[in-house]
Structures are given as structure tokens and as C-alpha cells.
Amino acid sequence: MTHVSPAQKPEKSEKQQSKALYGGTSSRRITVRDIAAAKERGEKWPMLTAYDAMTASVFDEAGIPVMLVGDSMGNCHLGYESTVPVTMDEIALLSAAVVRGTKRALVVGDLPFGSYQEGAVQALRNATRLVKEAGVGAVKLEGGERSAHQIELLVRSGIPVMAHIGLTPQSVNAYGGYPVQGRGEEAAQQLLRDAKAVQDAGAFAVVLELVPAELAAEVTRSLQIATIGIGAGVECDAQVLVWTDMAGLTGGRVPRFVKQYARMRETLGDAARAFAEDVVGGAYPAEEHSFH
């Protein structure tokens, strides 16, 4: 494969730029066909999680083309210790809010733990609910070969599916934590089989979480569908972060792969303290905030 340095890459035509997932000029909803076209163009693109209409509207205005209403809401929005307790009711409620808060982004609703493991029929029932009640454009579920039957039925039924392999957080109890996946020859071959299985089943994209960068690059080269990395190196077609991690709202330690682009926890804390001090000191409400 010939390596092309950034300086040697050809300039995008005006038509190509207008179709770009990030920075494109089209105002219509992004679809899975746009994701496939971006893969063909070699275009990289960003994805963020979102859990409410207001935050989703900010990301939509910023041009984020794909938003995941992830079961990560359990950790960073609902106060659970893991994603496992998240329910279909919670996913449906917050997915609908994100859809209402966006105009352009493809909204992907996560299928939570226990909503598809029984088999393809259960998966179809719950995915249909997210499409009909919440209005999502696609759903996501975890697992490679073990989830192929579920993916196949959903796709045959007209529901686009984003797969998720590597570290699958819903299996935290089986893993005993959050270890990197795909290390060693046997584990790497299994991950490659999982990637091929979800593509063959009809998934339009696959999340690779906590996978060695070299293995993620091999998966990306071997697949015709888009790969979305999170802790999987730079060669994936797209990258996703939990938005509270990205914006510096998460407290305590964050995973090694996270880059914080703001200090929202500090900013919100400063604002809350300033408000409290104004109230206690009688500076708020001032005359301009009062009615007569």
C-alpha cells in the first residue's frame, strides 16, 4: 500500500467538500449511505455521545455528523456504576430527546444489556421501539459473531445497525474490569473474525473499543464498512468519545485514550459558586433582574 504524506494528499473538490460528513454544506439528515460514501472517499469523521436535546443541539450546530445515545448514560448521566443497569425505557426517553434536539446528525440509539441477548426476535422488538418511538436512524449493539443473527434480522427488517466489538462494556462482569482486547495472536484472530461477522451480517459500521492500534488498522483495511475507534488508534475511519469526557465534565480519572477539550467541570463549579456568593451577599437579584 503506497503511503501518501499529508502534503501529497490531493485537494478535495468543491463537490466532495459539500458532501463531507463534517464540514459539508448539506442540511438534510445524515444517513447510513453517507457513512458508506465517506468510507469510499477515505474521509475521517467524528462521533460524540449525547443524552439530551440541549447538548445535542450544540453538537448538531457544531457539525458533529453522528451522535450516539449510548448506554454510557448509565455512568455519566444516571449515576450508575456501569452501563449494565440501563433500561430500554431510559434509552428510549433520552434518544427521543436527542432526535428532537438535532436536525442534521444521524442519531444512533444503543440497545442496552438484556434487550437483545435472548435472540434476534427480542432484538427486533426493542430496536423497532427505538425507531418508532424515539425516531433514531440506527441502533447499536455489542458483540461480534455472537450477535450476528440479531444484526442480520434487524438489517433485513430495515433497521440499520452499528456493531461494537473489542471491549464491550456490557460484559464488564465477565471481564472483571475494562482490559484491552485483541492482544495476542488468538485474541487478534477472534477480533478479526468478529469484525468480518458483523460486516457479513449487514452492519454499516463497527465500533472498535480498547483495541491495539495496529490491530485496529488491520481491521479497518480489511473491512468495507466504517470503523469507529475509541482507544483504538488513529487509523480507524472515525473516532468517538463520551461527550462528558471530551468536555472535561467527568470527575476523577479518565481513560488514557480520552483527550479533554474543555474544563466544563471547573467552569460550572466556578459559576455555581459565583451565583451562591451573589445570593448570600445580596448582589443577586439586582435592580435589572427585578420587576415593579
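Please refer to the structure placed before this passage.
Draft legend 1. Focus on the nonpolar core. Among the nonpolar cores identified, the biggest contains 58 residues, and Leu 111, Val 139, Leu 154 and Leu 208 are the most heavily contacted of them. Of the residues forming this core, the biggest block, seven residues, is contributed by helix H5 (residues 88–100). Non-local contacts of Leu 111, meaning those with residues more than four positions away in its chain, are made with Met 88, Tyr 116, Ala 123, Asn 126, Ala 127, Leu 130, Val 139, Lys 140, Leu 141, Leu 154 and Gln 170. By size, the runner-up hydrophobic cluster in this structure holds 20 residues, among which are Ile 35, Val 108, Phe 204 and Ala 205.

Draft legend 2. Seen up close, the packing of H5 against helix H6 (residues 120–134). Taken N-terminus to C-terminus, the directions of H5 and H6 make an angle of 35 degrees; their axes are 9 Å apart at the nearest point. Our pair here, H5 against H6, has a crossing hand that is right-handed. Across the interface between the two elements, Met 88, Asp 89, Ile 91, Ala 92, Ser 95, Ala 96 and Val 99 from H5 touch Asn 126, Arg 129, Leu 130, Glu 133 and Ala 134 from H6. Its residues placed into classes, the contact of H5 with H6 shows seven nonpolar, two polar and three charged.

Draft legend 3. Molecular detail of the pattern of salt bridges. The full count for this structure, using the stated rule, is ten salt bridges. Notably, a salt bridge pairs Lys 39 with Asp 237, separated by 2.7 Å at the nearest N-O pair. Highlighted residues: Lys 39 in helix H2 (residues 32–41) and Asp 237 in the loop between strand E7 (226–230) and strand E8 (238–241), separated in sequence by 198 residues. When its relative accessible area of 16% is taken as the criterion, Lys 39 is described as buried. Judged by relative accessible area, Asp 237 falls into the buried class, the value being 12%. Put simply, Glu 133 and Arg 129 hold a salt bridge, and the shortest N to O gap is 3.0 Å.

Draft legend 4. Structural context of the packing of H6 against helix H7 (residues 148–156). Between H6 and H7, the shortest axis-to-axis distance is 8 Å and the interhelical angle comes to 50 degrees. Between H6 and H7, the angle falls in the class oblique. The element H6 and its partner H7 pack so that their crossing is right-handed. In this structure, H6 contributes Ala 120, Val 121, Ala 123, Leu 124 and Ala 127 to the contact, and H7 contributes His 149, Gln 150, Leu 153 and Leu 154. The residue inventory of the contact of H6 with H7, partitioned by class, reads seven nonpolar, two polar and no charged.

Draft legend 5. Broad picture of the side chain of Thr 49. Looking at where Thr 49 falls in the secondary structure, it is placed in strand E1 (residues 45–49). Of note is the side chain of Thr 49, whose polar atom sits 3.0 Å from the side chain of Tyr 51. Within the structure, Thr 49 has its side chain in polar contact with the backbone nitrogen of Trp 243 (distance 2.9 Å). When near neighbours in sequence (up to four residues on either side) are disregarded, Thr 49 contacts Phe 59, Leu 68, Ser 72, Leu 241, Val 242 and Trp 243.

Draft legend 6. Up close: unusual backbone geometry. Residue Pro 285 follows Tyr 284 across a cis peptide bond; omega there is 0 degrees. On the secondary structure map, Pro 285 appears in the segment after helix H12 (264–281). For Leu 210, which is not glycine, the phi torsion reads 50 degrees and is therefore positive. Examined against the element boundaries, Leu 210 turns out to sit in the loop between strand E6 (205–209) and helix H10 (213–222).

Draft legend 7. Fine view of the layout of surface pockets. A volume near 630 Å³ is recorded for the second largest pocket. What lines the second largest pocket is a set of 30 residues, and nearest its centre among them are Ser 72, Asn 75, Glu 209, Val 242 and Asp 245. Of all the elements in the fold, those that place two or more residues in the lining of the second largest pocket are helix H4 (73–76), strand E4 (138–142), E6, E8 and helix H11 (243–246). Residues belonging to the lining of the second largest pocket are distributed by class as follows: 14 nonpolar, eight polar and eight charged.

Draft legend 8. Spatial organisation of the environment of Pro 65. Assignment of secondary structure puts Pro 65 in the loop between helix H3 (53–61) and strand E2 (66–69). According to the relative accessible area criterion, Pro 65 is buried, its value standing at 0%. Taking the C-alpha atoms as reference, Pro 65 lies 9.9 Å from Asp 34; in sequence the two are 31 residues apart. Beyond its immediate chain neighbours, meaning those up to four positions away, Pro 65 contacts Leu 21, Tyr 22, Ile 30, Trp 45, Pro 46, Arg 104, Ala 105 and Leu 106.

Draft legend 9. Main features of the packing of aromatic side chains. Inspection of every chain in the model, using the stated rule, returns two aromatic pairs. Geometrically, the ring pair formed by Phe 275 and Tyr 284 is edge-to-face, given 6.0 Å between the ring centres and 65 degrees between the ring planes.

Draft legend 10. A look at H3. Buried residues of H3: Thr 55, Ala 56, Phe 59 and Asp 60, and no others. Across the axial projection of H3, the buried residues extend over an arc of 140 degrees, all falling on one side. Exposed residues pointing more than 90 degrees away from the buried face of H3 are listed as Met 54 and Glu 61. Considering only its buried residues, H3 is in contact with E1, E2, H5 and H11. Looking one or two residues beyond H3, the residue adopting positive phi is Gly 63, at roughly 95 degrees.

Calculation criteria
Position labels on residues start from 1 in each chain and follow its written sequence. Local features are withheld for residues below a pLDDT of 70 in this predicted model, meaning they are given only at 70 or higher, and side-chain atom pairs are given and counted only at 80 or more; totals for whole chains, interfaces and linings count all residues. The side-chain figures draw on all heavy atoms in the structure; neither hydrogens nor water molecules are used. Joining through side-chain atoms within 4.5 Å is the link that ties buried Ala, Val, Leu, Ile, Met, Phe, Trp, Tyr and Cys residues into a set, and such a set is a nonpolar core. Exposure categories follow from relative accessible area, calculated using a 1.4 Å probe and restricted to protein chains: below 20% of the type maximum is buried, above 50% is exposed, and the middle band is partly exposed. Runs of E in the DSSP output that reach at least two residues are strands. Runs of H or I that reach at least four are helices, and both are numbered from the N terminus. Between two residues, a contact is recorded if the distance between any of their heavy atoms is within 4.5 Å. To get an axis, a line is fitted to the C-alpha atoms, and for a helix only the part in contact is used. The angle between two axes follows their N-to-C directions and goes from 0 to 180 degrees. Left-handed describes a crossing whose near helix is turned anticlockwise from the far helix by less than a right angle; the clockwise case is right-handed. Residues were grouped as follows: Ala, Val, Leu, Ile, Met, Phe, Trp, Tyr, Cys and Pro as nonpolar; Asp, Glu, Lys and Arg as charged; and all remaining residues, including Gly, as polar. We define a salt bridge as a contact between a side-chain nitrogen of Lys or Arg and a carboxyl oxygen of Asp or Glu at a distance within 4 Å. Here the word oblique covers every angle except those under 35 degrees (roughly parallel), over 145 (roughly antiparallel) and from 65 to 115 (roughly perpendicular). We call two N or O atoms a polar contact when they sit within 3.5 Å, provided that within protein one can donate a hydrogen and the other can accept it, with sequence-adjacent residues counted only if both atoms are side-chain atoms. Any residue with an atom within 4 Å of a point lines the site, the site being either a cavity, points on a 1 Å grid over the protein atoms alone where a 1.4 Å probe fits but cannot get out, or a pocket, an open set with protein on both sides within 12 Å along at least 5 of 7 lines. Grid points are joined across faces, edges and corners, and a volume is the space filled by probe spheres set on the points. In this analysis, rings of Phe, Tyr and Trp, with Trp reduced to its six-membered ring, are considered paired at centre separations within 6.5 Å, and the interplanar angle assigns stacked below 30 degrees, edge-to-face beyond 60, and tilted for intermediate values. Picture the helix axis, draw a direction to every C-beta atom, and the arc is the one those directions span.

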